[in-house]
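Summary of structural features
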Amino acid sequence: FIYSISWEQRKVREIADRYDNLRIPVTANLRISGATPYYGANGIQDYVDGYTHEGEFILVAEDGANDLKNYPVSYVKGRIWVNNHAHVLQGKNDTIDNKFLALVISQSDIESLLVGGGRAKLNAEVLMEIDLLISEKKEQVLIGNYFFSLDNLITLHQRKLEKLQNIKKSMLNKMFI
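Presented here is an overview of the structure given in this document. Only a predicted model underlies this, so the values are computations on that prediction, with no experimental measurement involved.

**Points about the overall build of the protein chain**
- When helices and strands are counted, the protein chain shows 4 helices and 8 strands.
- Shown N-terminal to C-terminal, the secondary structure of the protein chain runs as helices and strands in the order β-α-β-β-β-β-β-β-α-α-β-α.
- Each principal axis of the C-alpha distribution contributes one length, and for the protein chain these read about 65 × 45 × 35 Å.
- Counting over 177 residues, the protein chain shows a buried share of 36%.
- For the protein chain, the centre of its 21 positive side-chain charges and the centre of its 22 negative side-chain charges are spaced 8 Å apart.

**Topic: the pattern of salt bridges**
- Taken as a whole and assessed by the stated rule, the structure comprises 14 salt bridges.
- Where Arg23 meets Glu62, a salt bridge forms, and the shortest distance between an N and an O atom there is 2.6 Å. Of the two residues, Arg23 sits in the loop between strand 2 (16-18) and strand 3 (33-40) while Glu62 sits in the loop between strand 5 (53-61) and strand 6 (73-82), which places them 39 residues apart along the sequence.
- Taking the relative accessible area as the measure of exposure, Arg23 reaches 18% and is therefore buried.
- In this structure, a network of salt bridges that share partners links the residues Arg18, Asp20, Arg23, Glu62 and Lys121.

**Here we look at the side chain of Thr52**
- Secondary-structure assignment places Thr52 in the loop between strand 4 (43-48) and strand 5.
- Polar contacts involving the side chain of Thr52 include one to the side chain of His53, which spans 2.6 Å.

**Here's the deal with the packing of aromatic side chains**
- Taken as a whole and judged by the stated rule, the model has 5 aromatic pairs.
- Pairing Tyr75 with Phe148 gives two aromatic rings, centres 5.1 Å apart and planes at 80 degrees, and the pair type is edge-to-face. Of this pair, Tyr75 sits in strand 6 while Phe148 sits in helix 4 (residues 137-175), and the two are 73 residues apart along the sequence.
- With 5.2 Å between their ring centres and 85 degrees between their planes, Tyr146 and Phe147 make a pair best called edge-to-face.
- For Phe147, a relative accessible area of 35% corresponds to the partly exposed category.

**A word on the nonpolar core**
- The biggest cluster of nonpolar side chains holds 29 residues, and the ones touching the most others in it are Val60, Tyr71, Leu89, Leu101, Ile105, Ile110 and Leu132.
- Counting residues per element, this core draws most heavily on helix 2 (residues 98-106), at 6 residues.
- Ignoring any residue separated from it by four or fewer positions in sequence, one finds Ile110 in contact with Val60, Tyr71, Val73, Ile105, Leu122 and Ile130.
- Core analysis: the second largest hydrophobic core is formed by 8 residues, Phe57, Leu59, Val76 and Val82 among them.

**A few points about the side chain of His87**
- Within the secondary structure, His87 is located in strand 7 (residues 86-91).
- Separated by 2.6 Å, the side chains of His87 and Asp20 make a polar contact.
- A distance of 2.7 Å separates the side chain of His87 from the backbone oxygen of Leu122, its partner in a polar contact.
- In this structure, His87 is in contact with Arg18, Asp20, Arg23, Ile58, Leu59, Val60, Ala61, Glu62, Leu122, Asn123, Ala124 and Leu127, ignoring residues within four places of it in sequence.

Conventions used here
- Starting afresh in each chain, residues are numbered from 1 along the sequence in its written order.
- pLDDT decides what is reported in this predicted model: residues at 70 or higher carry local features, side-chain atom pairs at 80 or more are listed and counted, and totals for whole chains, interfaces and linings draw on all residues regardless.
- Note that the side-chain values use all heavy atoms of the structure and ignore hydrogens as well as water.
- A run of DSSP states H or I qualifies as a helix once it reaches four residues; a run of E qualifies as a strand once it reaches two. Both are numbered from the N-terminal end.
- Here's how the labels work: a residue is buried when its accessible area is under 20% of the maximum for its type, exposed when over 50%, partly exposed in between, all with a 1.4 Å probe on protein chains only.
- In this tally, Asp and Glu contribute negative charge and Lys and Arg positive charge; neither His nor the terminal groups of the chain are included.
- Where a charge lies is defined by one atom per residue type: Lys uses NZ, Arg uses CZ, Asp uses CG and Glu uses CD.
- Salt bridge, as used here, is a side-chain nitrogen of Lys or Arg placed within 4 Å of a carboxyl oxygen of Asp or Glu.
- Distance and chemistry together define a polar contact, namely a pair of N or O atoms within 3.5 Å, with one atom able to donate a hydrogen and the other to accept it when in protein, and with adjacent residues in sequence counting only for side-chain atoms on both sides.
- Two rings belonging to Phe, Tyr or Trp (six-membered ring only in the last case) form a pair when the distance between their centres is within 6.5 Å. Interplanar angles under 30 degrees mark stacking, angles over 60 mark edge-to-face geometry, and anything in between is tilted.
- For our purposes a nonpolar core is just a set of buried Ala, Val, Leu, Ile, Met, Phe, Trp, Tyr and Cys residues, chained together by side-chain atoms within 4.5 Å.
- Residue contacts follow a heavy-atom distance rule, with two residues in contact if any of their heavy atoms lie within 4.5 Å.

Nothing here speaks to function; it is geometry throughout.
Now the structure itself:
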């Protein structure tokens, strides 16, 4: 496979559909416990019964993001429940790979597009007008899969590091009792 050198600039609205209309917020005390991840601006908030979306999606924080520099963008797959604090995008199948779409959105300067004071917000219209550089679909799939695998490996090592740090802390506590 030879990598292309022709990348083109496209607006999010040209390459993705938005499914915010299917989002349903449920306050914590009214959620029915289940196996479906319940997503908000910063990822999984809970696990609930039922779902609002099924398939491959990209979730982009709308408001309430906990990190404006590394703006919350997630690739998700399967049955999910999304509240009203995350935008829900899905790449148009013939145009863009969803993993690649999540990657290029995450690399955009979203912080400069936010409005509002204490609780910064990314308006849907603004999100859909973001310019992205995209390559041909075959190359997108390779790039998207590579970085998705890399992110999974990093997460795995972070969990291992946390476990080792907890063991160290426990041993130190027992040593000085």
